[in-house]
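Residue-level listing of the chains:
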Amino acid sequence: MAQSMNNSVDLTVKATSFHGMGVYGHILVGNNALEFYNEKNPEDYIQIPWTEVDSIAAEVLPGKIIPRFAVITKQSGHFAFSTRDNKATLRAIQKYVPAERMVRSASFIDVINLGVRRIFRTLTGRRD
């Protein structure tokens, strides 16, 4: 059985981990780490200590809807999650991650605009 890194838990919510195939389970936001446990196999878990978190990136759609968020770590890469209540989860995470490290990820339209600008710069040879 996996041992929790947290002494106290602020929030427990049903979640989906998008690390490989979508895996259903629970996210625990606690005083020492963000933890994800698979609901079918408790030995399949992700534990991310707050000291290892580099930033949190959230996708925000019109109407302030947050479909998913990603935890970017210093060494292990990034982990994408979606919970039943992403806003409440991010509010709980705010206690442990400073506001300057919680960022809004680029929307689909922003990514398309950047691509068009880069193509235009490449074709015209401009370096703006």
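For the structure itself, look to the data block above.
Before going into details, it helps to say that this report is about the structure given with it. Here the structure is a predicted model, which is why all the values come from computation and not from measurement.

## Overview of the environment of Tyr45
Logical step 1: Along the chain, the position of Tyr45 falls in strand β4 (residues 45-49).
Logical step 2: You can call Tyr45 partly exposed: its relative accessible area is 34%.
Logical step 3: Separated by 33 residues in sequence, Tyr45 and Thr12 place their C-alpha atoms 14 Å apart.
Logical step 4: Once residues within four sequence positions are removed from consideration, Tyr45 is found in contact with Ala2, Phe36 and Tyr37.

## Re the sheet that holds strand β8 (residues 102-104)
Logical step 1: Strand order in the open sheet made by the eight strands is β4-β3-β2-β1-β7-β6-β5-β8, with mixed pairing throughout. The open sheet terminates on both sides in strands that have one partner only, identified here as β4 and β8. With strand direction ignored, the average angle separating the axes of adjacent strands in the sheet is 30 degrees.
Logical step 2: Here strand β2 (residues 23-30) runs beside strand β3 (residues 33-38); their pairing, made up of five bridges, is antiparallel. The partner of Val29 across the bridge, within β3, is Leu34.

## Here we look at the pairing of β4
Logical step 1: Because side chains alternate across β4, one face comprises the buried residues Ile46 and Ile48, and the other comprises Tyr45, Gln47 and Pro49, none of which is buried.
Logical step 2: Examined bridge by bridge, β3 and β4 share five bridges and lie antiparallel to one another. Across the sheet, the residue bridging to Leu34 is Ile48, located in β4.

## What to know about the pattern of salt bridges
Logical step 1: With the rule as written, the count across this model stands at two salt bridges.
Logical step 2: Here Asp10 and Lys95 are joined by a salt bridge, their closest N and O atoms 3.6 Å apart. Here Asp10, found in strand β1 (residues 9-17), pairs with Lys95, found in the loop between α1 (86-93) and β8; they are 85 residues apart in sequence, far enough to count as distant.
Logical step 3: A residue is classified by how much of its surface remains accessible, and Lys95, at 59% relative accessible area, is exposed.
Logical step 4: The partner of Glu59 in a salt bridge is Arg68, with the nearest N and O atoms 2.7 Å apart.
Logical step 5: What makes Arg68 partly exposed here is its relative accessible area of 37%.

About the cut-offs
- Residues numbered from 1 in each chain as written.
- Predicted model: local features only at pLDDT ≥ 70, side-chain atom pairs only at ≥ 80, totals over all residues.
- Heavy atoms only, no water.
- Helix = DSSP H or I, 4+ residues; strand = E, 2+ residues; numbered from the N terminus.
- Buried < 20%, exposed > 50% of the residue type's maximum accessible area, 1.4 Å probe, protein only.
- Contact = heavy atoms within 4.5 Å.
- Pairing = 2+ DSSP bridges.
- Axes fitted to C-alpha atoms, helices over the stretch in contact; angles between N-to-C directions.
- Salt bridge = Lys/Arg side-chain N within 4 Å of Asp/Glu carboxyl O.

In short, geometric facts, not functional conclusions.
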